[in-house]
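Here is what each chain is made of, one letter per residue.
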Amino acid sequence: MSKTDVIILAGAPASSDMAPEGGHTSRAMINLGGRTMLQWVVDALRGSESIGRIIAVGDVEAEGLHAVLEPADDLVANLKRGIDSLDTKEPVLVVSSDI
């Protein structure tokens, strides 16, 4: 069975009242229940045998990522960065890192 690569969009900045720890600017790095929102997403994806490479686009870090890309100025540009970095003609799964 082929595996599906994943792009996690994590470029949205946190507001000043929700600033994550560790100097990151992304909402995805806000801690919930002992893990960042991004880590919850990565862990869920890693739990599937159907998932291949996982990359995140944003000012983030998490265990289990294949790569982290610097965010662009908007969602569409972030998506393009992710697609370009995977360099595949196969379908990819695109997910958000926050609610």
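Just above, that's the structure.
The rules behind these values
Residues numbered from 1 in each chain as written. Predicted model: local features only at pLDDT ≥ 70, side-chain atom pairs only at ≥ 80, totals over all residues. Heavy atoms only, no water. Helix = DSSP H or I, 4+ residues; strand = E, 2+ residues; numbered from the N terminus. Buried < 20%, exposed > 50% of the residue type's maximum accessible area, 1.4 Å probe, protein only. Contact = heavy atoms within 4.5 Å. Areas by Shrake-Rupley, 256 points an atom, 1.4 Å probe, with all protein chains shown as cover. Pairing = 2+ DSSP bridges. Axes fitted to C-alpha atoms, helices over the stretch in contact; angles between N-to-C directions. Polar contact = N/O pair within 3.5 Å; in protein donor to acceptor, adjacent residues only side chain to side chain. Salt bridge = Lys/Arg side-chain N within 4 Å of Asp/Glu carboxyl O. 1 Å grid on protein atoms, 1.4 Å probe; cavity = no way out; pocket = protein on both sides within 12 Å on 5 of 7 lines; lining within 4 Å. Points joined across faces, edges and corners; volume = space filled by probe spheres on them. Nonpolar A, V, L, I, M, F, W, Y, C, P; charged D, E, K, R; others polar.

Asker: Sorry if this is basic, but what is going on with the overall build of the protein chain here?
Answerer: Broken down by element type, the protein chain carries two helices and six strands. When the elements of the protein chain are put in sequence order from the N terminus, they spell out β-β-β-α-β-β-α-β. For the protein chain, the proportion of its 99 residues judged to be buried stands at 35%. Long-range contacts, defined as pairs at least 24 residues apart, comprise 58% of the intrachain contacts of the protein chain with a sequence gap of at least 6. For the protein chain, the accessible surface area stands at approximately 6,000 Å², while carbon and sulfur atoms represent 54% of it.

Asker: What exactly am I supposed to notice about the sheet that holds strand β4 (residues 51–57) here?
Answerer: The sheet built from four strands is open, its strands ordered β5-β4-β1-β6 with parallel pairing. What marks the edges here is a single partner per strand, and that holds for β5 (67–69) and β6 (92–96). Averaged over all pairs of adjacent strands, the angle between their axes in this sheet comes to 25°, without regard to strand direction. Bridge analysis of β4 against β5 gives three bridges, and the strand direction is parallel.

Asker: Hey, could you run me through the side chain of S97 in this one?
Answerer: Secondary-structure assignment places S97 in the segment after β6. Within the structure, S97 has its side chain in polar contact with the backbone oxygen of L9 (distance 3.1 Å). Residues within four places of S97 in sequence aside, it is in contact with I8, L9, A10, A28, M37, L38 and V41.

Asker: Quick question: what am I supposed to make of the pattern of salt bridges here?
Answerer: One side chain can pair with another of opposite charge once the charged atoms of both are near each other. Here the structure, examined in full by the defined rule, presents three salt bridges. The residue D5 makes a salt bridge to R53 at a minimum N-O spacing of 2.6 Å. Of this pair, D5 sits in strand β1 (residues 4–9) while R53 sits in strand β4; the two residues are 48 residues apart in sequence, bridging distant segments of the chain. Of the residues examined, D5 reaches a relative accessible area of 11% and is grouped as buried. The class of R53 is partly exposed, set by a relative accessible area of 28%. D84 is the partner of K80 in a salt bridge, and the nearest nitrogen-oxygen pair spans 2.7 Å. Highlighted residues: K80 and D84, both in helix α2 (residues 75–86), separated by four residues, approximately one helical turn.

Asker: What am I meant to see in the layout of surface pockets here?
Answerer: Which parts of space are left empty comes out when a probe the size of a water molecule is rolled across the atoms. When its volume is computed, the largest pocket comes out at roughly 210 Å³. Lining the largest pocket are 17 residues, and of these L9, A10, G11, A12 and N78 sit closest to its centre. Its residues assigned to classes, the lining of the largest pocket shows eight nonpolar, five polar and four charged.

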